[in-house]
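Working through the structure, step by step
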Amino acid sequence: MAVSLLLRRRVSSAGVSRALRGLVGGMEPLCLHLELKIGALVSFSDKTRQYSSFSGTTSFDFLDLTSPHTWYPKARSKPRKVILHMGPTNSGKTHNALKRLESSPSGIYCGPLRLLAWEVAKRLNKAKVPCDLLTGQEREEVDGAKHMAVTVEMADVTSNYHCAVIDEIQMLGCRNRGFSFTRALLGISADELHLCGDAAAVPLIQKMLKVTSDQVEVHFYDRLSPLVPMKVPLGSFSNIRTGDCIVTFSRREIYRLKKQIESDGKHLCSVVYGSLPPETRTRQATMFNDASSELDVLVASDAIGMGLNLNISRIIFSTMTKFDGIENRELSVPEIKQIAGRAGRYGSRFPVGEVTCLDAADLPLLHSSLKSPSPTLERAGLFPTFDLMYMYSRSQPNRGLYQILEHFVENATLSDNYFIADCEEVMKVAALIDELPLGLHDKYLFCISPVDLSDDISSQGLTQFAQNYAKRGIVPLREIFTPGTLQIPKTPGALKELESIHKVLDLYVWLSFRLEESFPDRELASSQKSICHLLIEEFLERFGLQKHRPKAKRLASNTTLTSLLSQKNRPY
Ligand SMILES: Nc1ncnc2c1ncn2[C@@H]1O[C@H](COP(=O)(O)OP(=O)(O)OP(=O)(O)O)[C@@H](O)[C@H]1O
Ligand SMILES: [Mg+2]
């Protein structure tokens, strides 16, 4: 494919091709309200990890993270009513919390995924409750909005709300992103704070909130529709039927299974997996959900575990192992329950969900996992904010960001309820850019950007953006990307390349929201992202055996694609 990403230098750091095991990218520099004045700092002592001020009266241990609830004075200024909605998938937790949000004069919804934030903003606006959308890469303001739907990293801990919702709160325990949930839980200032998620998080949340003056109330939910584990495996693909979702964990397997299922001419498959652009995932899900579309089977990865509203009749695990970036391991109990629970959505045309495996040998693990409670969460994530890193860096004048981070993480003290977030990926980026003549804040920003280090093109994109920014202070998109050259991929390999280009453009948009003057081509990047999405859709439409069948009910997007592609000669 004639891809014109002019990536000049390859990223050579060892390990950069290892999988990105978390959305480091969504992280925002946090606003830590330390009760001290930066201007007063005069000297540091590495040994005592303290500074002394002009007056000599103030001291603060930057490595002491034992009381993170004190970082948020606004949330601590009055007690909050914290309502926990706890239960399995499909039990109405989010629905009930959103009802409360909708009826409140102001509020914020914080979700783990852009797809969830989109869905909530759409739902509230449809219900005539004006709602802004705010994610790392999107800002959509609605006139008169007093509500907003955000990805959790974007949660505002400096405003007051009547009502706030944090969805999938069990992600507190996620080793990469857990700290953002901790921040939202401790930091959002709201009269009512609704937390939705797995009951495994209840004891930890109760412990974390013991030190605040919040009043905690726990509601347990049951599934709204039955979920039936089947005694027999699928056995053969000839047993696939409308409404089935077959789950596997590699991109290659997804396309192999799609081809295989479509080969008998009875079904057409939508696909959903993590590296597809979010708008493509939504589009594929919509076509699968639409009973009048010919796409009646879904082949998906665990990307369906959260976020998409799917009308699945039966989940079929094609495997019970997954490569997690380090090793091929068995799926955990929470993973199996979360994925299986997607079958039989309440109110859909498949009100009873079924779950099985492709092979009989996998059934015992499936059955035992569905019966087991998820292990109780022990600790929640924490991560040094930029403010804290900055203060701390002043005691380490000759160290680069990588060393500062390393030293900080090794020496920070935490209470039993917390662990320090895994910042392996952040540190890999720090190692890549530490030599560039950039300030600490700029380096930190590149480190927390949504780069996918497991993807060479995405990594190279980041390195080039950082290098060009350091050299000239301004990064026109055209320096690394020539608009008008994107094409419909013809092979899965070319598709992967296009997905990677979408990631680079997404990264540009993310940077443009934070370094607005230096990344001036947000509109161009966004329009090229839309083209990527439509070209990928076009590929999916043509892939496999679909071309031998009458055309599946299609997007009303062809005109959009044509009009977008015709922009190639426009002087952007
Ligand atoms: N009281 C209700 N009336 C009508 N529809 C409902 C009600 N409660 C839940 N639903 C619908 O049932 C489905 C599942 O509800 P919801 O998404 O709130 O479940 P959940 O427990 O948050 O599940 P998940 O783990 O998937 O997030 C949704 O489509 C929701 O709109
Ligand atoms: Mg939910």
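Residue indices begin from 1 for each chain and proceed along its sequence in written order. Ligands are numbered from 1 and chains lettered from A, in the order in which they are written. Owing to the predicted nature of the model, reporting of local features is limited to residues with pLDDT of at least 70; listing and counting of side-chain atom pairs is limited to 80 or more, with chain, interface and lining totals taken over all residues. The basis for every side-chain value is the complete set of non-hydrogen atoms in the structure, without hydrogens or water.

1. Considerations on the domain arrangement of the chain
Each domain span listed reflects an automatic or database assignment of domains. Its domain assignment divides the chain into domain 1 (1-21 + 422-572), domain 2 (72-220) and domain 3 (227-371). Spacing between the C-alpha centres of domain 2 and domain 3 amounts to 28 Å. Residue contacts are counted whenever heavy atoms from the two residues lie within 4.5 Å of one another. In this complex, domain 2 contributes 12 residues to the contact, which on the side of domain 3 involves 16 residues. By definition here, a salt bridge exists when the distance from a side-chain nitrogen of Lys or Arg to a carboxyl oxygen of Asp or Glu is within 4 Å. The interface formed by domain 2 and domain 3 includes 0 salt bridges. Polar contacts, as used here, are pairs of N or O atoms within 3.5 Å; protein pairs need one atom able to donate a hydrogen and one able to accept it. Residues neighboring in sequence count only if both atoms are side-chain atoms. Viewed at the interface, domain 3 and domain 2 are joined by 3 residue pairs in polar contact (both at pLDDT 80 or more). Residues that form the side of domain 2 that touches domain 3 fall into these classes: 6 nonpolar, 3 polar and 3 charged. Any residue that is not Ala, Val, Leu, Ile, Met, Phe, Trp, Tyr, Cys, Pro, Asp, Glu, Lys or Arg is counted as polar, Gly included; the first ten are nonpolar and the last four charged.

2. Section: the environment of arginine 76
Think of it this way: any DSSP run of H or I at least four residues long counts as a helix, any run of E at least two long counts as a strand, and we number them from the N terminus. Considering the arrangement of structural elements, one finds arginine 76 in helix α1 (residues 73-76). We call a residue buried when its accessible area falls under 20% of the maximum for its residue type, exposed when it is over 50%, and partly exposed in between, using a 1.4 Å probe and counting protein chains only. Take arginine 76: its relative accessible area is 22%, and that puts it in the partly exposed class. In the structure, arginine 76 is positioned 234 residues away from leucine 310 in sequence and 39 Å away in space, judged by C-alpha atoms. If we skip the residues at most four places from it in the chain, arginine 76 touches His69, Leu186, Thr212 and Asp214. Among the polar contacts made by the side chain of arginine 76, one reaches the main-chain carbonyl oxygen of leucine 186 at a distance of 2.9 Å.

3. Description of the pairing of strand β9 (residues 189-197)
Burial of β9 is extensive: 8 of the 9 residues sit out of reach of the surface. Pairing between strands is defined by DSSP: at least two bridges between the two strands are required. Strand direction decides the pairing type here: strand β3 (residues 81-86) and β9, joined by 6 bridges, are parallel. Along β9, the bridge assignment pairs histidine 85 with cysteine 196. In terms of strand pairing, strand β8 (residues 160-166) meets β9 through 6 bridges, oriented parallel. Note on β9: the bridge partner recorded for asparagine 160 is serine 189.

4. Examining the UniProt feature "domain: Helicase C-terminal" (unreviewed entry) in the chain
UniProt positions are given in the numbering used here, feature names are shortened, and annotations may be inferred rather than shown by experiment. Sequence positions flagged by UniProt for "domain: Helicase C-terminal" (unreviewed entry) are, in local numbering, residues 203-390. Taken as a whole, residues 203-390 contains 28% helix and 22% strand, while its terminal C-alpha atoms sit 34 Å from one another.

5. Overview of the pattern of salt bridges
A complete count under the given rule lists 27 salt bridges for this structure. Linking glutamate 217 and lysine 81 is a salt bridge whose minimum nitrogen-to-oxygen distance equals 3.8 Å. With a gap of 136 residues between them, glutamate 217 in strand β10 (residues 215-220) and lysine 81 in strand β3 connect regions that are remote in the sequence. For glutamate 217, a relative accessible area of 27% translates into the label partly exposed. For lysine 81, a relative accessible area of 30% gives the class partly exposed. Of the charged contacts, one joins lysine 503 and aspartate 455 as a salt bridge, the two residues approaching to 3.4 Å between their closest N and O atoms.

6. What to know about the site of ligand 1
The local shell around ligand 1 holds 13 residues, among which Asn90, Ser91, Lys93, Thr94 and His95 are the closest. Interatomic distance of 2.9 Å between a backbone N/O atom of serine 91 and an oxygen atom of ligand 1. Note that an oxygen atom of ligand 1 is positioned 2.8 Å from one of the side-chain N or O atoms of threonine 94. Considering only residue class, the shell around ligand 1 consists of 3 nonpolar, 6 polar and 4 charged. Whether a residue is near a molecule or strand depends on its heavy atoms: it is near if one of them lies within 4 Å of it.

7. Description of the sheet that holds strand β5 (residues 131-134)
On the basis of which strands lie adjacent, the open sheet formed by 8 strands has the order β6-β5-β7-β4-β8-β9-β3-β10 and mixed pairing. Sheet topology places β6 (139-140) and β10 at the edges, where each strand pairs with a single neighbour.

8. Re the confidence of the model for the chain
Along the chain, pLDDT gives the predictor's confidence residue by residue, from 0 to 100. The predicted model of the chain averages 85 in pLDDT, with 85% of residues at 70 or higher. Contacts of residues 547-572 to residues separated by more than four positions or lying in other chains number 46 contacts, the stretch itself having pLDDT below 50. Confidence metrics for the complex model read pTM 0.86 and ipTM 0.99.

9. Examining the sheet that holds strand β14 (residues 295-300)
Taking strand neighbours across the sheet as the criterion, the 6 strands line up as β11-β18-β15-β12-β14-β13 in an open arrangement whose pairing is parallel. The sheet terminates laterally at β11 (227-229) and β13 (268-272), the two strands that pair on one side only. Along the sheet, successive strands turn relative to each other by an average axial angle of 25 degrees, direction set aside. In this structure, β11 lies alongside strand β18 (residues 353-357), joined through 3 bridges in parallel fashion. Opposite valine 228, over in β18, you have glutamate 354 as the bridge partner. Lying over the sheet, helix α6 (residues 251-262) contacts β12 (244-247), β13 and β14, oriented at roughly 165 degrees with respect to β13. Inter-axis angles, ranging from 0 to 180 degrees, are taken between N-to-C directions of lines fitted to C-alpha atoms, where helices are fitted over the stretch in contact. Helix α7 (residues 278-289) contacts β12, β13 and β14 of the sheet and is inclined by roughly 145 degrees relative to β13.

10. Things to note about the packing of aromatic side chains
Aromatic rings from Phe, Tyr and Trp, taking only the six-membered ring of Trp, are treated as a pair when their centres fall within 6.5 Å; an angle between ring planes under 30 degrees marks them as stacked, one over 60 as edge-to-face, and anything in between as tilted. A complete count under the given rule lists 12 aromatic pairs for this structure. Note on phenylalanine 386 and tyrosine 390: the rings are 6.0 Å apart at their centroids and 35 degrees apart in plane angle, and the pair reads as tilted. Remark: tyrosine 390 and phenylalanine 386 occur in helix α10 (residues 386-393); sequence separation between them is 4 residues, near one turn of the helix. An aromatic cluster is present here, built from Phe446, Phe465, Tyr469, Tyr508 and Phe519 joined pairwise through their rings. Any Lys NZ or Arg CZ that is within 6 Å of a ring centre and within 35 degrees of that ring's normal is treated as a charge sitting over the ring. Positioned over the ring face of phenylalanine 513 is arginine 139, at 4.2 Å from the centre of the ring.

11. A word on the UniProt feature "domain: Helicase ATP-binding" (unreviewed entry) in the chain
As annotated in UniProt, the feature "domain: Helicase ATP-binding" (unreviewed entry) corresponds to residues 74-190 in the numbering used here. Taken as a whole, residues 74-190 contains 31% helix and 26% strand, while its terminal C-alpha atoms sit 9 Å from one another.

12. Here's the deal with the nonpolar core
Formed by 124 residues in total, the largest nonpolar core has its most connected members in Leu172, Leu185, Ile188, Leu195, Ile205, Phe446 and Phe465. Per-element tally for this core: the top contributor is helix α15 (residues 492-514), with 11 residues. Non-local contacts of leucine 172, meaning those with residues more than four positions away in its chain, are made with Gly178, Phe181, Thr182, Leu185, Leu204, Ile205, Met208, Leu377, Arg379, Ala380, Gly381 and Phe419. By size, the runner-up hydrophobic cluster in this structure holds 26 residues, among which are Cys245, Ile315, Met320 and Ile339. Nine residue types can take part in a nonpolar core, namely buried Ala, Val, Leu, Ile, Met, Phe, Trp, Tyr and Cys, and a core is a set of them joined through side-chain atoms within 4.5 Å.

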